[in-house]
Amino acid sequence: MTCPRTEDLSAYADQALPARRQAALRQHLLGCPACRQQLDALQALRQQLRALPSPTLGFDLAAQLQDRLPRRPPKPRRVGWSLPNWLPAGVATGAALVSACGWAACCWARARPFPRRP
Amino acid sequence: MVPMPASSPPDETDCIARAQRGEAAAFSELVTRYQDRIYRFLVRMTRSQEDARELTQETFLSAYQAIARWRPEARLSTWLFRIARNQALDRLRRARHVEFVALDEVLHEQLPADTPTPEAVLQARQRVAALEAALARLSVEHREILLLRDIEDMPYEDIAEVLGISLGTVKSRIARARTGLLQHMPR
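The model shown is predicted, which means the values in this text are computed figures rather than measured ones.

Some words on the overall build of chain B
The helix and strand inventory of chain B stands at nine helices and zero strands. Mapped in sequence order, the helices and strands of chain B form the string α-α-α-α-α-α-α-α-α. Considering only intrachain contacts with a sequence separation of at least 6, the fraction spanning at least 24 residues in chain B is 62%. Per element, the accessible surface of chain B, about 9300 Å² overall, is 50% carbon and sulfur.

Shown next as structure tokens:
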């Protein structure tokens, strides 16, 4: 196996390569001091980053947010007219269709007045 | 908001569902769980404690506004980090100048307790300072991915989710970021 790219060594350090590739690289590293040195540098860097101090916020954010949050989280916005949430979806659709037909019928009736009785 | 009584941590999905129904205590629990992780990420992204404090609050306010739309297919941590990251990028874009704040001056008090001698303490501070300075000099793109991988210990799949990039790009970008960081480190 030829020397891997730095990208593969970096992923190897994270154990993020497919199992077969990970195993092949492990074999290569046993016999390649240059790659071993490069991997050591990457792993040392990872360790140093992990060992950095971990700053904390230093106060109870939940308590601080208490006054800034509305009582209930707002529901997602709906565009246009909508039926009450408690109606099942099928009933809501049917009701909307009936309403639309009724409105259309009403408009047609107004446009064509009843004939006057003699 | 009323803090939850001390007990074993509730299942996170259940906690989110209760927060979505408007239970303030449940959202409180989520804030408490994640506030320090989000702050830790933001303070190194923005290189400003003040900005990081403010943006941590904004992250959770945005999360509260959007929590009704959260779906269990997305991990809460990646969702929160995506919000935080966007907050940081907006702030960095609006910044008129880049001001490097020596974070090590604040962080040195958090050095491990097992460094008894003054020389050891000084060396530890210098190592931390050098690494923090090198991290701050990286591009935003490289800094954020190293923060997520090596400090937040996120798997590649979660990083891809947070940054909106492919796994292949995660792999190559992490490698370039590490190479770049090594180049900025003192020999």
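Moving on from the model shown.
Digging into the interface of chain B and chain A
At the interface, 46 residues of chain B touch 37 residues of chain A. Between chain B and chain A the total buried area reaches about 3900 Å² when both faces are included, carbon and sulfur atoms providing 64% of it. Where chain B touches chain A, the interface holds six salt bridges. When the shortest N-O distance is used, the salt bridge between Lys171(B) and Glu7(A) registers 4.0 Å. If you look at where chain B meets chain A, you find eleven residue pairs in polar contact (both at pLDDT 80 or more). Those elements that place two or more of their residues in the side of chain B that touches chain A are helix H1 (12-20), helix H2 (24-46), helix H3 (49-66), helix H6 (118-137), helix H7 (140-151) and helix H9 (167-184) of chain B. The element best represented in the side of chain B that touches chain A is H2(B), accounting for ten residues. Residues that form the side of chain B that touches chain A fall into these classes: 22 nonpolar, eleven polar and 13 charged.

How each quantity is defined
Residue numbers here run from 1 along each chain, matching the order of that chain's written sequence. Chain A is the first chain written and ligand 1 is the first ligand written, with later ones labelled in order. With the structure being a predicted model, the display of local features is reserved for residues of pLDDT at least 70 and the display and counting of side-chain atom pairs for 80 or more, all residues being used for whole-chain, interface and lining totals. Heavy atoms from the whole structure form the basis of all side-chain values; hydrogens and water molecules are not counted. The secondary structure listing takes helices from DSSP runs of H or I that are at least 4 residues long and strands from runs of E that are at least 2 residues long, numbered from the N terminus. In this analysis, two residues are considered to be in contact whenever any of their non-hydrogen atoms come within 4.5 Å of each other. For accessible areas, the Shrake-Rupley method is used with a probe of radius 1.4 Å. Any residue's cover is judged against the shown protein chains and nothing else. When two components associate, each loses some accessible surface as probed by a 1.4 Å sphere; the sum of these losses over both components is called the buried area. Any Lys or Arg side-chain nitrogen located within 4 Å of an Asp or Glu carboxyl oxygen qualifies as a salt bridge. Identification of polar contacts relies on pairs of N or O atoms within 3.5 Å, with a donor-acceptor requirement for protein atoms, meaning one able to donate a hydrogen and the other able to accept it, and with residues adjacent in sequence counted only if both atoms are side-chain atoms. In this count, Pro and Cys sit with the nonpolar residues alongside Ala, Val, Leu, Ile, Met, Phe, Trp and Tyr, while Asp, Glu, Lys and Arg are called charged and the others, Gly among them, polar.

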